[in-house]
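Listed below are the residues making up each chain.
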Amino acid sequence: MATPLSKPLRRLPLLRQGIKIRRQKAKGLLLETLPQTDKKMETPSHHFSSEEQALLYEEALYTVLHRLGQPEPKHVTEASELLGYLQEAFHMEPEVHQQLLRKVQDLEKPLFCLKVTVKRAKGILGKDVSGYSDPYCLLGIIEQGVSVPDDSPGHRRRQKAVVKNTIPEDQTHRTQVISQTLNPEWDETFFLEFEDITTASFHLDMWDADQVESVRQKLGELTDLHGLRRIFKEARKDKGQDDFLGNVVLRLQDLRCREDQWYPLEPRTETYPDRGQCHLQFLLIHKRRATTTSRTHPSYTVHRHLLQQLVSHEVTQHQAGSTSWDGELSPQASTILFLHATQKDLSEFHQSMAQWLAYSRLYQSLEFPGSCLLHPITAMEYQWIQGRLKPEQKEELAASFNSLLTYGLSLIRRFRSIFPLSASGSPARLQSLLRVLIQMCKMKAFAELCPNGAPLSSLVTEVLRTGTLEWFHLKQQHHQPMVQDMQEMCKSVLSLVLDVSGDLHQCQRTWNKIFYNTLKINFFSMAFLELQKLVAQRVKEHMAMVGSVVSPEMGESLFQLYLSLKELYELVPPPSERDGTLDLDGFHKWFLPAIPAWLLKTYTVALTRLQRAVQMDQLVPLGEMIKHSTSAVDLSTCFAQIGHTARQLDWPDPEVAFMITVKFVEDTCKLALVYCSLIKARAKELSVNQKDQEQAANMLEAGISRHIQKIVGSSKTTVPEDAILPLMKFLESELHYMNSNLVQENFNSLLSLLWTHTLSVLTQTAAAQQSSPLTSQKLKTALQNLELCFYGEGCGLSPEVLHTPSLQDLQRKLELQASSSQELIQRYFSNRIQQQADTTSEELGAITIKVFYRLSEQKLRIEVLSASNLLPLDSNGTSDPFVQLTLEPRHEFAEVAPRETQKFKKELHPLFDEAFEFLVSPESCQKEGNCLLFTVLDHDRLGTDDLEGEAFLPLNTVLGLSGDNNPGQVPQTRLPLIYPASNGDPILQLLDIRKGDREAQAFVKLRRQRAKQAERLGQ
């Protein structure tokens, strides 16, 4: 073709001409045949041979080097980055990479093609008498550097009919004529070839087909005066001449690989500038590629192999970094796969099927989330048409279904080891696998290609049953003793039963929910029924080997085995979930021969402990509240242990249970008699050299009081840690001695008394040192260390005994007393802010404000809008209100002066509407306790202004501190007015005691003045 703007170019024969494909709505979708699968690449592994990998690498390089169109927004633009990524993904050495790159660069360029789909148009001009048109489109490509028309009218007029006037007729493509419409729909696809994307441009002209009609016919279609003018206009032109409706001119280098947009139809003149829009879809593709794989393998197979290689690389890279792949491809991989699919003109269905085949294969050899398989499943299900597939392709897809199903069932069979609860995310991974299998089995493709398979729930139930049996036999083999000794064999059976109980607990808490919620499988009941049968068989065999005579050592092991079976039996499912009796029913009868050994062991252990306790007993009470000796505590503990053993046995048969109870009662009475005789002998032994130890506790209490007073009297330069050191050494020495000579119960009783006394002494001392923050800090440090000392890392008093209300009250007081004056003032305003937040009543009135912080200027802007429902404080039943604005605490905002609004006379609902700005840093605003204080006062000319109320706004809640708020969107804030507390604030009391602190005294004076005003008004 030739145009005035370029030299003639030689065109190839009909092979280079566009091929038009019309999509008829009545015929539905065209059948798309998938290419035959290459059998050589169908291997269980995801790796390729070196020859296959080299050919696939050549294909990927060819895709990057012959890239078309503008890049997508999130795609990689630089070819060097894509080539580097491919070299890394294919593990190519630099020399091999350069060699293959030169080889690909020497290959023949592909045949470039623009795939155009003319979808529809809307709002076009009506050129016929009826007010409608009969539109059709002419389209083609010019490769002679014709540029897009500029905005000059003359230039535009010369460019409108470029397709009809410039492109040869055999290279021009035409759509159907849609009769009598202003919104035509074509949905026709054309393939337009080009050589150089930088000089090629796409041209589309839209015309109104003009049919020769008589004047009578035209008058019959006449609807208005515009139609009459069209008749006169047509009378002046040649008969059968089509009317121009508009055109679209686009440079191919400005297009992306995929485009789907509405384009405006450009006019010929300015008479009708708005000529409607045309919906076009573009795809820049290759029709002929010089690579070996493109010539020998189907497109979708090559795309699947490339996807498989890149995903394998992505997963491997994440595993090397000790992270799991989340299913998101890197920008480089996404760009390469997008370019390859576009250049090969793969349909969405082909891409989804390739993704499924690649991911389902990789899932069986690499670790990545099963949720990655859900997207291709959904896409294939949405686009599934069985007629698209050839028999061998159906066989390939069915094989992928069966392969993944078999693999998934094998994982489910071994889920205890594949998805251990010790690994984070294991339940989610199993649930993801089940969801993939469920969605796959629900697919229409699966139902048509695998019609004779059993239901998924039946398959999963069977593999779970098989896996449970295999797990039990594996555990049984693992616990097999190395030495064939009865004691060791009993321990192995006990370990096996404990493992079974632990597994069933996991099934009940975790696994059963997953299987039931996904497949309605009651896995716990099934596992319990199978495992209890195997456990019963194993325990029966062991008890048969033990025989009827049980030694004390064997009896202890059998008792633990009995308790573990009892715990296991408590997990039994309800009768509705099982059939008939269980093998574990009546398991207690297997242990009848061991009962005498259990009873003897219980009595022997209690007697031994009792004898040792009497031997250690000094027969000295530890206080007025403790009238018994240490051995009495041990005696009660022995009785409690016998009762605990009886409750553990909980023998089901009434007759045997009665005999056991009688034996326990007899042993208890016998222990009491033995204790009486032993304690009598111990008393005689100690009566000769007994020492008076009644003052032991009092001596400790006196020592603690003396050392606390030394802490108070230490010099100001002594740090708290050094001041408390003598006290801690004293306690360590004395308590070590007491712990060595007392049983644990009595020692704990002594500790409890000492702790109560210590808290009492510290409370009295702290009350006397309220005016000294330094001394209070030392007492606070002493209290913290004493608490740790009496706790003794869990060997001393329990947290419940330590953390009494007295301790908590003392901690609060010392925390305040040890604080500086500025810290106390900060706490005071934090409390007032909390009081403001807790106040909802507006009985004192309310103030409405707007506050915003300009981060760029570091200015706090306050708009005082109004106040309402103020109390009348003047004798005339009104007030003269104004608002005082102060940034508090003052030591934080010493440079910022208070501000006031104007004063209103005789007004209880003043409308201030005033704005103020304070220059403050954002750090000061974000500090806890810093606030904006609004003091509403009643102006009094003769005396002091009366207090209407106060309102506190924490600065860290002000909008704009983060710099992302619009001042025009600042909401109004309504704050109820509040009074200071009338019963005395503890913080103010502490500040008042510090007479030498001017800042504290000034603050107390102001706050008490406000409190007195509030108290006077409240009366």
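Computed from a predicted model, the values in this text were never measured in an experiment.

Caption draft 1: Local environment of the state of the cysteines. In total, this model carries 0 disulfides according to the counting rule given. Free of any disulfide, cysteine 278 has its nearest neighbouring cysteine sulfur in cysteine 137, separated by 5.1 Å. The class for cysteine 278 is buried, based on a relative accessible area of 0%.

Caption draft 2: Looking closely at the packing of helix α2 (residues 79–89) against helix α10 (residues 331–343). Where α2 contacts α10, the axes come no closer than 10 Å and their chain directions differ by 100°. Taken together, α2 and α10 sit at an angle that is classed as roughly perpendicular. For the pair α2 and α10, contact is made by Glu81, Leu82, Tyr85 and Leu86 and by Gln332, Ala333, Thr335 and Ile336, respectively. Across the contact of α2 with α10, the residue classes break down as 5 nonpolar, 2 polar and 1 charged.

Caption draft 3: Inspection of the sheet that holds strand β3 (residues 135–142) at higher detail. Strand order in this open sheet of 4 strands is β4-β3-β6-β7, and the pairing throughout is antiparallel. With one partner strand each, in any of the chains shown, β4 (173–174) and β7 (243–251) form the two edges of the open sheet.

Caption draft 4: Broad picture of a nonpolar patch on the surface. Among the surface-exposed residues, Phe658, Met659 and Val662 lie close enough to one another that they form a single nonpolar patch of about 310 Å² accessible area. The residue valine 662 is located in helix α23 (residues 654–687) in this model.

Caption draft 5: The packing of aromatic side chains, seen in detail. Under the definition given, this model contains 28 aromatic pairs. On the basis of an interplanar angle of 50° and a centroid distance of 5.2 Å, the ring pair of tryptophan 755 and phenylalanine 790 is categorised as tilted. With tryptophan 755 in helix α27 (residues 744–768) and phenylalanine 790 in helix α28 (residues 773–791), this pair connects stretches of sequence that are 35 residues apart. The burial state of tryptophan 755 is the same as that of phenylalanine 790; both residues are buried. When the ring of tyrosine 828 is compared with that of phenylalanine 829, the centres are 5.5 Å apart and the planes differ by 80°; the resulting orientation is edge-to-face. For the pair formed by tyrosine 828 and phenylalanine 829, the shared burial category is buried. Each residue in the set Phe559, Tyr562, Tyr569, Phe587, Phe591, Trp598 and Trp651 is aromatic and connected to the rest through ring pairs, giving one cluster. The ring of tryptophan 471 is capped by arginine 416, whose NZ or CZ atom sits 5.2 Å from the centre of that ring.

Caption draft 6: Expanded view of the sheet that holds strand β11 (residues 859–868). With antiparallel pairing, 4 strands are arranged side by side in an open sheet as β14-β11-β10-β17. The open sheet terminates on both sides in strands that have one partner only, identified here as β14 (914–919) and β17 (973–976). Averaged over neighbouring strand pairs, the angle between their axes works out to 30° when direction is ignored. As judged from the 4 bridges shared by strand β10 (residues 846–854) and β17, these two strands associate in the antiparallel manner. Residue pairing in the sheet places alanine 846 in a bridge with proline 976 of β17.

Caption draft 7: Focus on the pattern of salt bridges. The tally for this structure, following the rule as stated, stands at 32 salt bridges. Across the pair glutamate 470 and arginine 413 runs a salt bridge whose closest N-O atoms are separated by 2.7 Å. Taken together, the residues glutamate 470 in helix α17 (residues 456–478) and arginine 413 in helix α13 (residues 391–413) connect sequence positions 57 residues apart. Of the charged contacts, one joins glutamate 815 and arginine 827 as a salt bridge, the two residues approaching to 3.0 Å between their closest N and O atoms. Of this pair, glutamate 815 sits in helix α30 (residues 805–817) while arginine 827 sits in helix α31 (residues 821–838), and the two are 12 residues apart along the sequence. Take glutamate 815: its relative accessible area is 29%, and that puts it in the partly exposed class. Arginine 827 sits in the partly exposed class, given a relative accessible area of 30%. Overlapping salt bridges bring together Arg854, Lys859, Arg861, Glu863 and Glu917 as one network.

Cut-offs used in this document
- Residues numbered from 1 in each chain as written.
- Predicted model: local features only at pLDDT ≥ 70, side-chain atom pairs only at ≥ 80, totals over all residues.
- Heavy atoms only, no water.
- Disulfide = S-S within 2.5 Å.
- Buried < 20%, exposed > 50% of the residue type's maximum accessible area, 1.4 Å probe, protein only.
- Axes fitted to C-alpha atoms, helices over the stretch in contact; angles between N-to-C directions.
- Helix = DSSP H or I, 4+ residues; strand = E, 2+ residues; numbered from the N terminus.
- Parallel < 35°, antiparallel > 145°, perpendicular 65-115°, else oblique.
- Contact = heavy atoms within 4.5 Å.
- Nonpolar A, V, L, I, M, F, W, Y, C, P; charged D, E, K, R; others polar.
- Pairing = 2+ DSSP bridges.
- Patch = residues over 30% accessible without salt bridge, like charges linked within 9 Å, V, L, I, M, F, W, Y side chains within 5 Å.
- Areas by Shrake-Rupley, 256 points an atom, 1.4 Å probe, with all protein chains shown as cover.
- Salt bridge = Lys/Arg side-chain N within 4 Å of Asp/Glu carboxyl O.
- Phe/Tyr/Trp six-rings, centres within 6.5 Å; stacked < 30°, edge-to-face > 60°.
- Lys NZ or Arg CZ within 6 Å of the ring centre and 35° of its normal.

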